[in-house]
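If you want the building blocks of each chain, they are given just below.
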Amino acid sequence: MQYEPSRQPVEQDVSLVRRLVDRGEYLQAYDSLARLEKGMDPIGIQLEKLHSTVLSRLGMPEEAVALTEKLREATTGKDWELEALTGSYHKKLWLARRERDGKAALHHLERSHR
């Protein structure tokens, strides 16, 4: 599926990436997001949230946390979906690190409940 991004993120951009994520096609979703980022600045909060989901599902939870933390700083008010995503990525990091690095694991566990 070849896709040419528009200048502004629109519902069809979000819909395309969401369908790819729902089907488990994370690499294709990642590629679509990369093309969208070249054509738009910014790509929009919904696409950024999907980007963090794709990063996490591709085994890059540290990058997903960094992206959601950046979004949290730029967002005014509480975005509960963003808070839940950030917490879930910290939980994933806690689970991965609890056996070998207790201090780092504790840090992520505390952050997941923020």
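Look a little higher up for the structure.
Below or above, wherever it landed, is the structure these notes cover. For every chain, the first residue of its written sequence is number 1, and the numbers climb from 1 along that sequence. Selection of residues for local features in this predicted model requires a pLDDT of at least 70, selection of side-chain atom pairs for listing and counting requires 80 or more, and totals for whole chains, interfaces and linings are taken over all residues. Excluding hydrogens and water, the side-chain figures rest on all heavy atoms present in the structure.

As a further point, take the packing of helix H1 (residues 11–22) against helix H3 (residues 45–57). In the contact formed by H1 and H3, the axes pass within 10 Å of each other and the chain directions differ by 20°. It follows from the interaxial angle that H1 and H3 lie roughly parallel. Once H1 is placed against H3, the crossing between them reads as left-handed. On the side of H1, the interface is formed by Asp-13, Val-14, Val-17, Arg-18 and Val-21, while H3 contributes Gln-46, Leu-47, Leu-50, Thr-53, Val-54 and Arg-57. Any residue that is not Ala, Val, Leu, Ile, Met, Phe, Trp, Tyr, Cys, Pro, Asp, Glu, Lys or Arg is counted as polar, Gly included; the first ten are nonpolar and the last four charged. Of the residues belonging to the contact of H1 with H3, the class tally is six nonpolar, two polar and three charged. Where helices are involved, their axes are fitted lines through C-alpha atoms of the stretch in contact, as for all axes, and angles between N-to-C directions lie from 0 to 180°. Helix and strand assignments follow DSSP, with helices taken as H or I runs no shorter than four residues and strands as E runs no shorter than two, numbered in order from the N terminus. Working rule for angles: under 35 degrees goes down as roughly parallel, over 145 as roughly antiparallel, 65 to 115 as roughly perpendicular, anything else as oblique. Handedness of each helix crossing follows the sense of rotation of the near helix against the far helix: counterclockwise by less than a right angle gives left-handed, clockwise gives right-handed. Throughout, a residue-residue contact means that at least one pair of heavy atoms, one from each residue, lies within 4.5 Å.

Okay, the nonpolar core next. What is meant by a nonpolar core is a set of buried Ala, Val, Leu, Ile, Met, Phe, Trp, Tyr and Cys residues, joined one to another through side-chain atoms within 4.5 Å. Any residue under 20% of the maximum accessible area for its type is buried, any over 50% is exposed, and the rest in between are partly exposed; the area is computed with a 1.4 Å probe on protein chains only. Ranked by size, the top nonpolar core spans eleven residues in total: Val-14, Leu-16, Val-17, Leu-20, Val-21, Ala-29, Leu-33, Leu-36, Leu-47, Leu-50 and Val-54. When residues of this core are traced back to their parent elements, those giving at least two are H1, helix H2 (26–39) and H3. For this core, the element with the most residues is H1, which contributes five residues. Not counting the four nearest positions on each side in its chain, Val-17 is found in contact with Ala-29, Ser-32, Leu-33, Leu-36, Leu-47 and Leu-50.

Purely geometric numbers; function is a separate question.
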